[in-house]
Every structure is written in C-alpha cells, then in structure tokens.
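# Results of the structural survey
Residue strings, one per chain:
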Amino acid sequence: MSGVSQKKKVTSDTETLSNTVLAGGYCIGCGVCTAVTGSKMEVTFNESGEYEAFGKESANPALLRVCPFSNHCTDEDTISKELFKNAEHHDPRLGHYKEVLAGHVDEGTFRQEGSSGGLGKWILHELLLSGAVDGIIHVQATHPDKNSSPLYKYEIQTELSKISQGARSAYYPITLADVLNELKNLPGRFAIAGVPCFIKALRLLCREEPVYQEKFRYFIGLICGHLKSRFYADMLAWQFGIKPGHLGHIEFRQKLPGTNAKQKGIEVKRRDTVEKETRVKTVDTLFGADYNLGLFQYKACDYCDDVVAETADISIGDAWLPNYISDGRGTSLVIVRNSEILQLLKKATTSKRIILSPISADQAAISQRGGLRQRREGLSYRLSKADKENNWRPLKRFQPRSLWYAPNRKKIYDQRTILGVKSKKLFMDAVGHDEWMQFETPVKKMIDQYKSLYKPSHLTRYKRGIARRFNRFYLSILRVFGV
C-alpha cells in the first residue's frame, strides 16, 4: 500500500507548494502552512468559493512537511503507527484501533443537537468537564454581516455551556489559519475536532512546531465524504428564495420528527435583519442536495485516501447500517485508538449515560463503503489518469491502476469528477446572470448521465432475462415430474 514510486519530476527536492499543490489545485485550505515559523502564507476564498493558500515564499521545506497533500509529508500509516503502537488491531480500511463501536448519547440534548448519535459533542464536553483539557476547538456557525463573511469557522471554547452551539455538520469550507494564530499565545491544553486531512495536517504541524505539540491534547476525527465549496450552501438557499450573497445561516442536518437518519432537514435564514423567518425542507426535496453526487467538491478530496481520520485519537461518523438508519435520531460509528478516551467511553456506558455496542471492522467498513470505494478503487484510477497525462499529483498509499476496472466504473468516476468541476463554473455563471435555470438545466443533464451509468446495460438485462426464463422453465419441468 505504501512506498509508491513515481517519475523523478514528481518527487523532486525542488518542489514548492506553489508549483505543485497550489498549481495543481490540491490545496484543501486547512491553513496549517500559515502556522509554520517564518511562514508568509495566507488563506482566503478563491473564485470557486473554496479556501486556498497563497504566498510567494513557498519553498520553505517545513511548509512541504506540514502540507497534507505535499509529497514531502509523512503519510497516515507512519503517523498512526507511531502514535498508536499499543493499539491491538489494524485494518487497512480503518487504520490502527482498539475498539469499534456504534451507539448514541442517552443523556441531555447531545443526540438531538449533534450529528449522528451525538458522540462528537459529548466527547468534547466530557474532556472539558473532566479537566482533561482547558478548552476545545470546534466549528461554529457565525453571524456574518457582509457578503464575504464565512457562515462557519473554527472557534476556541472554554465554557461548557457553549459547546452545544457547535455545528452539527458544516458542509462548508473551513480553515484553521485564524484559530492557530490565536492558539499560539494562549496557555493550556486543547482538544480539537476536524476532518481527516485537517487532523493529519495538525499532527504534521506538531512534529514541526513544538509549541503546538504542547497545545493539542486530543484529536477528534470526523469521518468524511469530502469537503464542499461555499457554493453548495448558496445553491441550497437559492431554492428557498434566498439568492447568493443574502444567506445568513444554514443548518445542514436538522433532525426532523418522523424521518429516518438519511432524511436530513435543511434550515436557512436570510442574512439581513428585515426577514427573520426560518425555512426548513428535507434534503430529498432540493435539487443537487444529494451529497454523494459530488457537486462543488474540492479537487483535493479526489486525491485523499483517508476516510475515517486514521491519525485521530477517536473517529466519529454516521453508522450507515440497515439496523440504524431507520432511527432518525441518529447513531454514531466510533473508532477508538486512544486508551484514555476508551476508558471514558466504557465508564459512561456502564453508568448508562451513553449506549454503545461493539461492532466488527467489516461492519464499520460496510457503513462507509461508498467513501472507501471512492478513496480506494476510484483514487487508484484517478492516479493512473494523472500519470498518463503527465500531471503532478500527490503521492498516496495506493498504487495507480486503470486496467483492472470495468469500463463502466471508469465512466462513473470520470462523470463524478466532471460534476465536481463543472458545477462550480455553471453556478458562477448562473449567479452572474441571476438565472437559476442556467445552473439547474445543464447540471440535471449531467446528473442523469451519472445515474444512468449505474443502470445495467442492454446486454446485461438481456442475459438476466434469459436466465430468469430458463429458471422458470427448469422449475416447471421439475413440477411436471413431481420433483
């Protein structure tokens, strides 16, 4: 899985962030490069509504070592092996781990106010309550007063009462740049929650900058499908009658009565103070809301091979399994790597504060099979395409492969990439002309093409029909002879 070799130009020591990661569009906007001593890097929104780093002085070797998509950074296997060498288990899909669990919080409003089963907010609350940390760092909704202000950002919290204000799930671009700058001169130890590439970047930063090694005590990983441009939120709000530039708040995972875990509610409010009405619709009633279509996806997400935050002390996500999906209150998938956090969970389970049951690594992988397929089979195919086109791309833990996959699977991966890229351009054009259908019409056509690739071919349907007719004929013969 590791030790992938490429052409010399791909791994040259003369690489800089500017002519590799940034030029190739692989920046995730995490902002960790801004925290390196002497760094002149900055992070801002690009024209596609994504956070992106920029800076003229990008040849500093330390910048290359902390960037999660650089070819000079340490990979997830090496990081996690060093951190979790006492973990009893290892699975190539989940990384190192002590236990895999599924369940929910059974006290307070954590489950209702949190994503899935509420374990994310509960863990942060417990770490602060117990004194294990002096503060927690998580994503919170903002109250923007101008068009360029982000709707979500990282904030440091030291008060228990404010943890519940954290976002359920923010399908919105986030950066660590500001909070890392604030944290540098703040005393204490902290727990931070983040998606896999952000956690990896922070682990790399801790190896490079001792001051952050002292600051971070626990890393809470969020199982991730991919990150979205801010256009995703604007697209949803536009369908409520709130045009881009006027969205003041969006809740991506409202839990509504009588729904299952996949029927998320979208809640929006206008930015101005004239209209304070809150509007809610279920995700299935909004065009393009299906997360798995990949609209407005960061390019970097197509070149990530960590679904479950393998370098985090604990990873938390949705337990997308048949026996849990029917419960609209949500159920958490939990992958534990840290002994102290495992003991915290066991103690709370014994006292019935939380309900957790062990599940197998296979069950955990099944619950995330779409993401794993995209970051394993799909990634290998995309790597082979980049190499064939002689384009720079990040070194990954998986070999580039193309011939192994059926032509239809390749078309699926290609069409998904097209949806991610073209949706941004089409949305910008639609906003510029103030015409929604200029976006919906061409994107709907691409979505229909994408979905049609999952349908069996005429030849496959014909073969299946022949097989069914043969089976019916065979059964009728058996009945005639009384078999």
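What you are looking at is a predicted structure, and each value in this text was computed from that prediction instead of being measured.

Positive phi, close to 65 degrees, is recorded for Lys352, a residue that is not glycine. Within the fold, Lys352 resides in the loop between helix 11 (339–350) and strand 15 (354–358). Here Asp434, not a glycine, exhibits a phi torsion of approximately 50 degrees, which is positive. Along the chain, Asp434 falls in the loop between helix 15 (407–433) and helix 16 (437–452). The class of Asp434 is partly exposed, set by a relative accessible area of 45%.

Here we take up the sheet that holds strand 8 (residues 190–194). With mixed pairing, the 8 strands of this open sheet are ordered in space as 7-6-8-9-13-14-5-15. Lying at the two open borders of the sheet, with one neighbouring strand each, are strand 7 (152–157) and strand 15. Between one strand axis and the next, the sheet turns by 25 degrees as a mean value, whatever way the strands run. With 5 bridges connecting them, strand 5 (residues 99–105) and strand 14 (residues 332–336) associate as antiparallel partners. In the strand pairing of strand 14, Leu101 is matched with Val334. Most of the contacts of helix 11 go to strand 15, to which it runs at about 115 degrees, and overall it touches strand 5, strand 9 (216–222), strand 13 (314–318), strand 14 and strand 15.

With that settled, the discussion passes to the environment of Arg397. Here Arg397 shows up in the loop between helix 14 (377–388) and helix 15. Residue classification places Arg397 among the buried positions, given a relative accessible area of 2%. A sequence separation of 17 residues divides Arg397 from Ser380, and the C-alpha atoms of the two residues are 9.6 Å apart. Of note is the side chain of Arg397, whose polar atom sits 2.8 Å from the side chain of Asp77. Separated by 2.9 Å, the side chains of Arg397 and Glu310 make a polar contact.

This part takes up the environment of Thr282. Mapped onto the elements, Thr282 comes out in strand 12 (residues 279–282). Sequence separation between Thr282 and Phe252 is 30 residues; the distance between their C-alpha atoms is 9.8 Å. For Thr282, the residues in contact, after removing those within four places along its chain, are Leu256, Lys264 and Gly265. At 2.7 Å, the side chain of Thr282 forms a polar contact with the side chain of Asp284.

Another aspect to go through is the sheet that holds strand 11 (residues 265–270). Spatially, 3 strands are ordered 10-11-12 in an open sheet, and the strand pairing comes out antiparallel. Pairing within the sheet leaves two strands with one partner each, and these edge strands are strand 10 (247–254) and strand 12. Mean inter-strand twist for the sheet, computed between neighbouring axes without regard to direction, equals 20 degrees. Of the strands in this sheet, strand 10 and strand 11 are in contact with helix 9 (residues 231–238), which crosses strand 10 at around 95 degrees.

Here the second largest pocket is characterised by a volume of approximately 740 Å³. Forming the boundary of the second largest pocket are 30 residues, of which Gly24, Lys299, Tyr303, Thr417 and Val421 lie nearest the centre. Going through the elements one at a time, strand 2 (51–54), helix 14 and helix 15 are the ones with two or more residues in the lining of the second largest pocket. With 9 residues, the top contributor of residues to the lining of the second largest pocket is helix 15.

Counting 99 residues, the largest nonpolar core has Ile28, Phe198, Phe216 and Ile250 as its most contacted members. In terms of residue count, the dominant contributor to this core is helix 7 (residues 196–208) (8 residues).

Enumeration over the complete set of coordinates arrives at 23 aromatic pairs. A centroid spacing of 5.5 Å and a plane angle of 70 degrees characterise the contact between Tyr26 and Trp392, whose relative ring orientation is edge-to-face. Of this pair, Tyr26 sits in the loop between helix 1 (18–24) and strand 1 (42–45) while Trp392 sits in the loop between helix 14 and helix 15, and the two are 366 residues apart along the sequence. Residue class for Tyr26 comes out buried when judged on its relative accessible area of 2%. On the basis of relative accessible area, Trp392 is assigned to the buried category, the value being 12%.

Definitions and cut-offs
- For every chain, the first residue of the written sequence is number 1, and numbering continues from 1 onward in sequence order.
- Owing to the predicted nature of the model, reporting of local features is limited to residues with pLDDT of at least 70; listing and counting of side-chain atom pairs is limited to 80 or more, with chain, interface and lining totals taken over all residues.
- As a rule here, side-chain values cover all heavy atoms of the structure and leave hydrogens and water aside.
- Secondary structure counts use DSSP, requiring at least four H or I residues in a row for a helix and at least two E residues in a row for a strand, with both numbered from the N terminus.
- Only protein chains enter the accessibility calculation, which uses a 1.4 Å probe; a residue is then buried when its area is under 20% of its type maximum, exposed when over 50%, and partly exposed in between.
- A pair of strands is considered paired only if DSSP assigns at least 2 bridges between the two.
- For helices, the axis comes from a line fit to the C-alpha atoms of the stretch in contact; other axes are also lines fit to C-alpha atoms, and the angle between any two N-to-C directions lies between 0 and 180 degrees.
- Contacts are assigned to residue pairs that have any heavy atoms within 4.5 Å of one another.
- Polar contacts here mean pairs of N or O atoms no more than 3.5 Å apart (in protein, one a potential hydrogen donor and the other a potential acceptor; neighbouring residues in sequence count only if both atoms are side-chain atoms).
- Whether a set of points on the 1 Å grid over the protein atoms alone is a cavity depends on a 1.4 Å probe fitting there but being unable to get out, while an open set qualifies as a pocket with protein on both sides within 12 Å along at least five of seven lines; lining residues are those with an atom within 4 Å of a point.
- Grid points are joined across faces, edges and corners, and a volume is the space filled by probe spheres set on the points.
- We define the nonpolar core as a collection of buried residues of types Ala, Val, Leu, Ile, Met, Phe, Trp, Tyr and Cys that are connected through side-chain atoms lying within 4.5 Å of one another.
- Here a pair means two rings of Phe, Tyr or Trp (six-membered ring of Trp) with centres within 6.5 Å. Their orientation is stacked below 30 degrees between planes, edge-to-face above 60, and tilted elsewhere.

Interpretation in functional terms is not warranted from these geometric data alone.
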